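Breakdown of the fold
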Amino acid sequence: MTGSQWELPPELCCRPMAFVALTGLDVVYNAVHRAIWDAFCANRRADRVPISFKVLPGDHEYPKCRTKRTSYEWYIPKGILKTGWMNKHLNLVPALVVLFYELDWDDQQWKEKQSECATKVEIVRTSLQGRNTKVAVVLIQKKTPLPPGEDLVASERAAALCNACDLSGKSLFVLPHTDHLVGYIIRLENAFYEHAQTYYYTEIRRVKSHKEFLNKTTHQLLFVRHQFKIAFFSELKQDTQNALKYYRTAYSLVHELRAHETNILEIKTMAGFINYKICRLCFQHNTPLDAIAQFRKHIDLCKKKIGSAELAFEHTAWMSKQFQSFGELFDEAIKLGLTAIQTQNPGFYYQQAACYSQERKLLAQQLCQAGVSYPSPDPLDTPGSGLDFYGQRPWRQGHQSIDPPDPEKEKTGILALQIKERDVPHSELIIALLSNAVAQFKKYKCPRMKSHLMVQMGEEYYHAKDYTKALKLLDYVMCDYRTERWWGLLTAILITALRCAYLMANVKDYMIYCMELLGRASTLREEQKSKIEKNFMKVLMNEIPDAEPESDSRCAGAAATLWNDRMALAGSNEFTIEVQDYVPFIQCKARFLSPSFHVDHPIQIQVFLRADCPHPVSFNKLVVSLSNQEYNQWCVLESSGKDNMSLSPGITRCYDFSFVAKKEDVGKKIEMTSIEMMLGSKSGRCLFLSWRGAGGDTASAHEALQASRSSRRGRSMEARHKPDWDNLTIQQSTMIISRIPKISIQLSHQPPALNNEMYGINITVISQEEAVAREVKLTAGLKPGQDANLSQTTHVTLNGSQVCAESEPSLLPDIPLGDLNPGEKVEQSVYVRCVSTGPRVFLFHVAYSIDTTVEGQQINCKCHKDETVTIETVVPFEVSVKFVSTRFEPLDRVVVDIPFLLLTDLLSSSPWPLQLVTSSLQLVTMTSSTPQCKSHIEQVVLKTGECASECFCLQCPPVVNGNSTVATGQYLVSWRRQSSSADSPPVQTTVTLPHVMLETVPLYIHADLPSFGRVRESLPVRYHIENRTALVQEVEMAVEPSDAFMFSGLKQVRLRILPGSEQQMLYNYYPLMAGYQTLPQLNISLPRCPNTNTHSLRRFLPQCIFVKPQGRQLDDASIAAA
């Protein structure tokens, strides 16, 4: 059986659609006909009816219809399904033939054209004789027809044409060739589809009618055939639900057939076809679980139906095709919207198909004899165009009995199939299936399945002798297996890769795979490793390695020739291998002895090497490359004939390097960029093993983790003295730091700092060096990196005799202090002014240079020492201000031209005593009611919590612009610490006084009265009434009686006071009771100022007065008694 016969026929795989033949269209020379054809077949959308159109000539010969069988009594079927039946009903036998004819209703030659049209219809019917195919006529007209019933001529002629052509009215159509052609075509399609539906329904009934003539003894094949045909016609009719039902029935019937070696292939072939149809329809109905269940059932039923043992490879080929076809159906359903998951995706079916193809390959190698000539005549040759029935043998077509008709022909036929199987490219088939599976597993994120299948692909490429692709795939997969530490799998893959490299004579790859197979990750036995190491050494000596075991002898001979050519090549004997991504047989770890080195100490590097191969290995050169290439010359070790350049298996060797850093590299990082070891010699081949960074490989990180866990459980004392490879850590980089300074910095100051003061800090630098410290420089001030606002509110200066300006910087760099001899000290004072409060970090950086000797080299070292201190800045004192009347009553408002008092309280919050130098008042709008005098708090010393107060008598003149709120001015206080020197500049603190609200009164009343009164003694009180307005004011005054006083004077009076004038009223009060007494209330009203009330006018008057008791006269008797 040929390889192409395993492919499913295209007519089985396509979607069945109703076949409609169009005749009478000249699509080549007639533009109108071409436009009609394009409208039928071009750009068909999914919403249009499923019809397959084909243009055929009017006299086209359709397949002849066989004579209908009236009885099946003596009929014995020769097979299940003919090979051409599906194609016949898809592409050859139409459900409807449509005749297109150009004829208008008002045509002048109507009679002649009517006869011509009838003749053409008769020709079509004659060619379809015996078929149930429908015939329809479409009249192509130039004019748009009138609505039905309006054109009587059209109705009459249409009826006449139907009679002439023997057509029903439903089979005659009109197609106007207008701008709306596509719309008419779609309506025509729908009508054609209905005719086609009727045809396929008739065909289904015709096939069903045969059932009554069949018996299950001799007609088992016909039961299957008829159910398949009914299902196929149902698909053509687009009745997929019924189609699925009949396919399921056909599938059950096909497995009821008696199977034997002569018909097993036909049964399996038809079972495969029907299973494909069932699965396709299940996916189409969006029931994927039904499709999967059907496929599993199909495999379970068929996997044991092997057939002839000599052709067992055919069964595996058929099984492979079943899985492949289902995978393709599954993948197609996913593209149409089905959702798959990791555990159920097409990749598993492609994988299983590949497995059966691999089994087919093995069976073919076992069963197909080599060296046998192909039989003649060819038993697989068929006299016709091919097989009559699906799944039958060419040399015995139509044979259904158990025994073959001709044993000799059977034998030669089997031999021909075996010989043809030898020529099948099995590896190509397997690789294609595996590639499909890999793509699916990659899509559904199954990395391990993907890697597993890629290994199989690599092995197939190896068997197909495509070693380049095999190595490419295997190299890709080995990275994953190294990372996940699948050492057994990695070893197996490396062996295949080593064979590929040997057969290609790829020197570099061969050495890489040898290197890994000799390493600790390899699971090979010692004798196998010894052989590989021997070949590895041969390659290094430019000799031909021994052939790899299990290699084809012919391929090994070709490989030996290639190796000879490699030996003869000059200039290609140096190879560099980046071993960081492998697990080599030589391990390397390197470290700097310290994470940092002072510039006056030598930098030390240790390189540890260990060999994992069975026999000692020698190397000729060891190089450590650093980020600063100037140091590389000190990190080279070359062979000088000593035995320390040899590595024994399992023994750790340590190699030390040291060098002196340059002073320019202080503050810089030095890193190991690579470590390189040279194996071999220039007389043979040189192999450079290169480790990136400080060594290590793919497996090192996990081994170090395991070692750290085991080290926590403790180790024996003996083991601790030996270098444990797993516990060796890699230190790839180190920092060059400056020499340790031997100076001390002492700070003297009195924290906290007070806001705005010149805060003095005294720095003392003492040298403890053994040589002269030259060019000592001090950098002092605010430490960089803090809040940006702090740098703007902090000012540093060396001059403490005056307050520094706002332009002074926050950091003074490189203040020269000169040279310092051993034991000498130097002092420097720095003054800091902090404008804002809060903590600040100050830096004092002392840098100098000194000469020193390191390993016999004289170097000049730059040293520095930093000292930082955090200083809190606090407010020295708090100032509170309040406004009171002349009677010390709190004021909310100030009356224009009326004196009032300003009280200031200065509360010290400084932990250190403050000396108040002076204070002053700067007024803006107010005027002082008293002459300028000396400050009340001048030279006052305040301790923490103490308070100093001052009082100022002020008066507010009238405001021109009429503002109700005016500024008072500023209160200036000059102060310094008591502990500071007398020449230190005082700090001036400015306190902005609050604004006051002004009030204007029309009448100002105040009283003159003694400071106290005495019971039953006269108390004169004089009231002054001033008119502050520009109008004459009428004043009504009344004195209210009081229980504590008797009085003489006008109890009620009405006055008239001129503008700016003053009127006085005198009253004699006579106190009746002692103590604080309320004076008689004075009620005042201004008729001309109704908004002014009595309370606002009399607030300037005293309310109470102290009345002393009446004194007694001392007589002589009382004096004598005393």
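Residues numbered from 1 in each chain as written. Predicted model: local features only at pLDDT ≥ 70, side-chain atom pairs only at ≥ 80, totals over all residues. Heavy atoms only, no water.

1. Focus on the overall build of the chain
- Scanning the chain from N- to C-terminus turns up 25 helices and 47 strands.
- Computed over the C-alpha atoms, the radius of gyration of the chain is 59 Å, more than 25% above the 32 Å expected from 2.2 N^0.38 for a compact globule of 1122 residues.
- Projected onto its principal axes, the C-alpha coordinates of the chain cover approximately 180 × 115 × 65 Å.
- Surface accessibility of the chain: about 55800 Å² in total, with carbon and sulfur atoms responsible for 51%.
- Averaging the coordinates of the 121 positive side-chain charges in the chain and doing the same for the 118 negative ones gives two points 6 Å apart. (Helix = DSSP H or I, 4+ residues; strand = E, 2+ residues; numbered from the N terminus. Rg over C-alpha atoms; globule rule 2.2 N^0.38 Å. Areas by Shrake-Rupley, 256 points an atom, 1.4 Å probe, with all protein chains shown as cover. Lys, Arg positive; Asp, Glu negative; His and termini not counted. Charge placed at Lys NZ, Arg CZ, Asp CG, Glu CD.)

2. Points about helix α5 (residues 152-165)
- Between its first and last C-alpha, α5 extends 20 Å over 14 residues, near the 20 Å set by a 1.5 Å rise per residue.
- Looking only at α5, the buried set comprises Ala-154, Ala-158, Leu-161, Cys-162 and Cys-165. Buried residues of α5, viewed axially, fall in a sector of 100°; they line one side. Exposed residues pointing more than 90 degrees away from the buried face of α5 are listed as Leu-152, Glu-156 and Asn-163.
- Each element contacted by the buried residues of α5 is listed here: α4 (110-127), β4 (134-141) and β5 (172-176). (Expected span 1.5 Å × (residues − 1). Buried < 20%, exposed > 50% of the residue type's maximum accessible area, 1.4 Å probe, protein only. Arc of directions from axis to C-beta. Contact = heavy atoms within 4.5 Å.)

3. A few points about the sheet that holds strand β39 (residues 1012-1014)
- The strand order across the open sheet formed by 3 strands is β39-β47-β45, and the pairing between neighbours is mixed. The open sheet has two free edges, formed respectively by β39 and β45 (1075-1078), since each of these has just one partner strand. Averaged over all adjacent pairs, the angle separating strand axes in this sheet is 40°, with direction ignored.
- Bridge analysis of β45 against strand β47 (residues 1104-1108) gives 4 bridges, and the strand direction is antiparallel. Residue pairing in the sheet places Tyr-1076 in a bridge with Phe-1106 of β47. (Pairing = 2+ DSSP bridges. Axes fitted to C-alpha atoms, helices over the stretch in contact; angles between N-to-C directions.)

4. Description of the pairing of strand β20 (residues 758-767)
- For β20, the buried fraction is high: 8 of the 10 residues fall into the buried class.
- Of the pairings in the sheet, the one linking strand β18 (residues 743-748) to β20 comprises 6 bridges and is antiparallel in character. In the sheet register, Leu-747 faces β20, and the bridge partner there is Ile-763.
- In this structure, β20 lies alongside strand β24 (residues 825-834), joined through 9 bridges in antiparallel fashion. Residue pairing across strands places Thr-764 opposite Glu-827, the latter belonging to β24.

5. Side note on the packing of helix α9 (residues 264-284) against helix α10 (residues 288-302)
- It is at 8 Å that the axes of α9 and α10 come closest, and there the two elements cross at 165°. By the criterion of interaxial angle, the relationship of α9 to α10 is roughly antiparallel. Of the two elements, α9 crosses α10, and the hand of that crossing is left-handed. In this structure, α9 contributes Lys-268, Ala-271, Gly-272, Asn-275, Ile-278, Cys-279, Cys-282 and Phe-283 to the contact, and α10 contributes Pro-288, Asp-290, Ala-291, Gln-294, Phe-295, His-298 and Cys-302.
- When grouped by side-chain class, the residues that make up the contact of α9 with α10 number 9 nonpolar, 4 polar and 2 charged. (Parallel < 35°, antiparallel > 145°, perpendicular 65-115°, else oblique. Left-handed = near helix turned anticlockwise from the far one by under 90°. Nonpolar A, V, L, I, M, F, W, Y, C, P; charged D, E, K, R; others polar.)

6. Here we look at the pairing of β24
- In terms of strand pairing, strand β22 (residues 794-797) meets β24 through 4 bridges, oriented antiparallel. When the bridges of β24 are listed, Val-796 appears paired with Val-832.

7. What about the packing of α4 against α5?
- For the pair α4 and α5, the least separation of the axes is 9 Å and the interaxial angle reads 40°. By crossing handedness, the relation of α4 to α5 is classed as right-handed. The segment α4 lies against α5, with Trp-110, Gln-114, Cys-117, Ala-118, Val-121 and Arg-125 engaging Arg-157, Ala-160, Leu-161, Ala-164 and Cys-165.
- Tallied by class, residues from the contact of α4 with α5 come to 8 nonpolar, 1 polar and 2 charged.

8. Focus on the pattern of salt bridges
- By the definition in use, this model includes 35 salt bridges.
- Between Asp-612 and Arg-610 there is a salt bridge; the shortest N-O distance is 3.7 Å.
- Overall, the relative accessible area of 17% leaves Asp-612 in the buried class.
- Its relative accessible area of 24% is what places Arg-610 among the partly exposed residues.
- Where salt bridges share partners, they join Glu-1034, Glu-1036, Arg-1054 and Arg-1056 into one cluster. (Salt bridge = Lys/Arg side-chain N within 4 Å of Asp/Glu carboxyl O.)

9. Digging into the confidence of the model for the chain
- In this model, the chain carries an average pLDDT of 86, and 94% of its residues clear a pLDDT of 70 or more.
- Counted against residues more than four places away or in other chains, residues 715-721, with its pLDDT under 50, gives 5 contacts. (pLDDT = per-residue confidence, 0-100.)

10. A word on the packing of aromatic side chains
- Going through the model one piece at a time under the given rule, you end up with 38 aromatic pairs.
- Each ring, one from Phe-228 and one from Phe-232, has its centre 6.3 Å from the other, and the planes form 15°; the classification is stacked. One end of the pair is Phe-228 and the other is Phe-232, both in helix α7 (residues 220-236) and 4 residues apart, which spans about a single turn. Taken individually, Phe-228 and Phe-232 each receive the classification buried, so the pair is uniform in this respect.
- Measuring from centroid to centroid gives 5.9 Å for Phe-877 and Trp-975, while their planes differ by 85°, and the two rings are edge-to-face. Here Phe-877 is found in strand β27 (residues 877-884), whereas its partner Trp-975 is found in strand β35 (residues 969-977), with 98 residues between them in sequence. Taken individually, Phe-877 and Trp-975 each receive the classification buried, so the pair is uniform in this respect.
- Among the aromatic residues, ring-to-ring pairing joins Trp-85, Tyr-199, Tyr-200, Phe-228, Phe-232, Phe-233 and Tyr-247 into one connected group.
- Seen from the ring of Tyr-246, Lys-245 lies directly overhead, with NZ or CZ sitting 4.9 Å from the centre.
- Positioned above the aromatic ring of Phe-1012, the side-chain terminus of Lys-1108 is 3.8 Å from the ring centre. (Phe/Tyr/Trp six-rings, centres within 6.5 Å; stacked < 30°, edge-to-face > 60°. Lys NZ or Arg CZ within 6 Å of the ring centre and 35° of its normal.)

11. A closer look at the sheet that holds β35
- Spatially, the 4 strands line up as an open sheet ordered β32-β30-β35-β36, and their pairing is antiparallel. Strands at the two margins of the open sheet, each flanked by one partner only, are β32 (940-942) and β36 (987-992). Across the sheet, the mean angle separating the axes of adjacent strands is 35° when strand polarity is ignored.

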